Structure formats: C-alpha cells, structure tokens
Protein chains: 2
Amino acid sequence: MPEFLYKNKLYYNPVEFAMDRIGGTWKMPILWRLKDKVMRYGEVKKDIPHITHKMLTSQLRELEEEGFISRKVYPVVPPKVEYSITRRGKKAITIIDAIRNYGLHLMKDFGVEEKKSVKQKKSK
Amino acid sequence: MPEFLYKNKLYYNPVEFAMDRIGGTWKMPILWRLKDKVMRYGEVKKDIPHITHKMLTSQLRELEEEGFISRKVYPVVPPKVEYSITRRGKKAITIIDAIRNYGLHLMKDFGVEEKKSVKQKKSK
DNA sequence: CTGGATCCGATTTGATACTG
DNA sequence: CAGTATCAAATCGGATCCAG
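To start, this report covers the structure provided alongside it. (Residues numbered from 1 in each chain as written. Chains lettered and ligands numbered in written order. Predicted model: local features only at pLDDT ≥ 70, side-chain atom pairs only at ≥ 80, totals over all residues. Heavy atoms only, no water.)

## Observations concerning the pattern of salt bridges
Argument step 1. Counting across every chain of the model gives 18 salt bridges over all chains.
Argument step 2. Ionic pairing is found between A:Arg33 and A:Asp47, a salt bridge with its closest N-O pair at 3.0 Å. In this pair, A:Arg33 sits in helix α2 (residues 27–34) while A:Asp47 sits in helix α3 (residues 41–47), placing the two residues 14 residues apart along the sequence.
Argument step 3. As a salt-bridge pair, B:Glu82 and B:Lys80 come within 4.0 Å of each other at their nearest N and O atoms.
Argument step 4. The exposure class of B:Glu82 is buried, given its relative accessible area of 19%.
Argument step 5. Several salt bridges converge on common partners, so that one network encompasses A:Lys7, A:Arg21 and A:Glu66. (Salt bridge = Lys/Arg side-chain N within 4 Å of Asp/Glu carboxyl O. Helix = DSSP H or I, 4+ residues; strand = E, 2+ residues; numbered from the N terminus. Buried < 20%, exposed > 50% of the residue type's maximum accessible area, 1.4 Å probe, protein only.)

Below, the structure is given as structure tokens:
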C-alpha cells in the first residue's frame, strides 16, 4: 500500500488525500457554488443557509490555502471580499459532478426523494 | 437547495449523501480490496495494516448494513467469515476509481510522491 | 461586512481487555 | 479467528463575543 506524508499527516492512499482536500460537509457545496461565478462572503453564506459562520470562514480559508479558490479583498468600508474558483478548483468540479451524479443514483437506489421538507420513502 | 432526511439525519445535497455512505477514512479502501475477490476478515485486516480492529469491524458492519458488501459466516471453529462485494458495491467501485484517479492527479499537482519516501512539509 | 478567538458539548477514534 | 465492550483522547462543530 502506498503511503506518504503531506503537511505532517500520513496518508495511505490517493482517495484519502483527495478527500482531505475537498471532502467534509461543506467544501464541495462551496466549490460548486463558485464554479461559474464570483461571489462575496455574504452571498455564499446566504446560498448555503445551514452553514455556520465559523464553518464557512474556516472552509473558505482552507480552500484558499490549498489553491482551489482565490480571495480578493477590496480596501473599503465596510469590507468587501470576493471569492472565485481557480484552475485547480475547476478541475475539482469535474469529480464533484461525478460524485454528485453518483449520489443521485444512490438516493434513488435507497428510495430517498430529493424534495424539500419531504421525509418519506418511495415504495418499490 | 434540496434537502431530505435519511435515517433521521438531515442531508443538504447528493454529495453529502454519497459521502456518508462510502466516505470516511476506511470504507473506500475496504471496498477497493473486495472489488474482485472474496476475502476473510483477517485478510482484509492484513491488507490494510494501519486500520484498527475496532474500525475495521465497525466499517464492515456499516457497509454490510447498507448493502455494499455481504457477509458469509461458516459455522466452524475457529470462526471463518468471508466478505464479498455486492451489486451496489460494484457500482460504488466506479466512482471510487474516479476519485482515486483524481487523487493521483492532485498528488502530482501538489508535488507529493506516492512512495514511502518522506516528503518535505509545507509551512501553513 | 468579514473574520478571528474562545468556550464547550458531541462525535469519532484508539487502546485494551474479554468472549465463544 | 472474528467480534464485542469500555474508557479515554482527539477532533469537530455550534454558539457567542470582540475587532477593524
């Protein structure tokens, strides 16, 4: 089994490495929203209603540090900050799209309905 | 944003649903090993050296409960248990393969060597 | 408006001991 | 050999307050 270190953490396979970069609950949803538009902090926050302030800032920070998005600060008052996707981030969109489609397939397979406020199973 | 319930947990998108089924540190590596062969508990354990006994049993249990693998117990002493991949698990292999390839791409992009050599850490 | 820091409970994971 | 139980450590996430 291949194993390697990155940022002082030991990884056992490429899947784990990829998931540490763009995995977790929020990174993919954030990247997905930035895939074809520049957005301000508040816009992203509004677009992902359930994310907390703490999680959004920390996840944006990590995505920026690892080069998936870029951050542009306008020196105005009040502050204005715009986030946009980078080339590396665009590459991630490809796999996110694949995972998303697989997720939709799985939901169907498990009989889960993708509808707001509806919590029932589909009869087979 | 679509949202739905499954097993009393609230999901906000298909990606999150998929990752909850086959994500985490160990599920994909386990499925990957079972993709074309039947293996006993001890064989999987040996093949994934760093996984702890507790994590392997719990992850195998979850994968079984959600239909990605099946478990066959031989009523002998000492116990013999074989794990094999199901149709649903095979479907997962497709996306795992894609994520794995993306991970390899990312590693190259980040300049990480897929060898047991110790790579230099980056400052945060 | 954006972001950082702190407290703290919840969840996850590892180590270890025990069982048939 | 395969699996279960328990305790403790580590990590994660939410709420809240402060700052430029």
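## Observations regarding the protein's contact with DNA strand C
Argument step 1. Close contacts around DNA strand C come from 15 residues, with A:Gly42, A:His53, A:Arg71, B:Lys54 and B:Met55 the closest.
Argument step 2. At 3.1 Å, a side-chain N or O of A:Arg40 approaches a phosphate oxygen of DNA strand C.
Argument step 3. One nitrogen or oxygen atom from the side chain of A:Tyr83 is found 2.9 Å from a phosphate oxygen belonging to DNA strand C.
Argument step 4. Every element with two or more residues in the surface near DNA strand C is listed here: α3, α4 (53–65) and β5 (80–85) of chain A together with α4 (53–65) of chain B. (Near = heavy atom within 4 Å. Polar contact = N/O pair within 3.5 Å; in protein donor to acceptor, adjacent residues only side chain to side chain.)

## What about the environment of B:Val38?
Residues and elements named next belong to chain B.
Argument step 1. As for its placement among the helices and strands, Val38 is situated in the loop between α2 (27–34) and β3 (39–40).
Argument step 2. Judged by its relative accessible area of 46%, Val38 is partly exposed.
Argument step 3. Along the sequence, Val38 and Asn13 sit 25 residues apart, while their C-alpha atoms lie 33 Å from each other.
Argument step 4. When near neighbours in sequence (up to four residues on either side) are disregarded, Val38 contacts Glu43, Glu82, Tyr83 and Ser84. (Contact = heavy atoms within 4.5 Å.)

## Examining the interface of chain B and chain A
Argument step 1. Counting residues at the interface gives 53 residues for chain B, matched by 52 residues for chain A.
Argument step 2. Surface buried jointly by chain B and chain A totals about 4700 Å² across both partners, of which 75% is contributed by carbon and sulfur atoms.
Argument step 3. Inspection of the region where chain B meets chain A yields two salt bridges.
Argument step 4. The closest approach of N and O atoms between B:Asp109 and A:Arg88, which form a salt bridge, is 2.8 Å.
Argument step 5. Where chain B touches chain A, the interface holds three residue pairs in polar contact (both at pLDDT 80 or more).
Argument step 6. For the side of chain B that touches chain A, the element with the highest residue contribution is helix α5 (residues 87–109) of chain B, accounting for 15 residues.
Argument step 7. Looking at side-chain class alone, the side of chain B that touches chain A contains 30 nonpolar, five polar and 18 charged residues. (Buried area = accessible area lost by both parts, 1.4 Å probe. Nonpolar A, V, L, I, M, F, W, Y, C, P; charged D, E, K, R; others polar.)

## Quick look at the relation of the copies chain B and chain A
Argument step 1. Relative to chain A, chain B is turned by 180 degrees and slid 0.0 Å along the rotation axis, the superposed coordinates differing by an RMSD of 0.1 Å. When the rotation and shift are considered jointly, the pair of chain copies conforms to a two-fold rotation axis.
Argument step 2. A shared binding surface is used by both copies, with 92% of the interface residues of chain B retained as interface residues in chain A. (Least-squares fit on C-alpha atoms with pLDDT ≥ 70 in both.)

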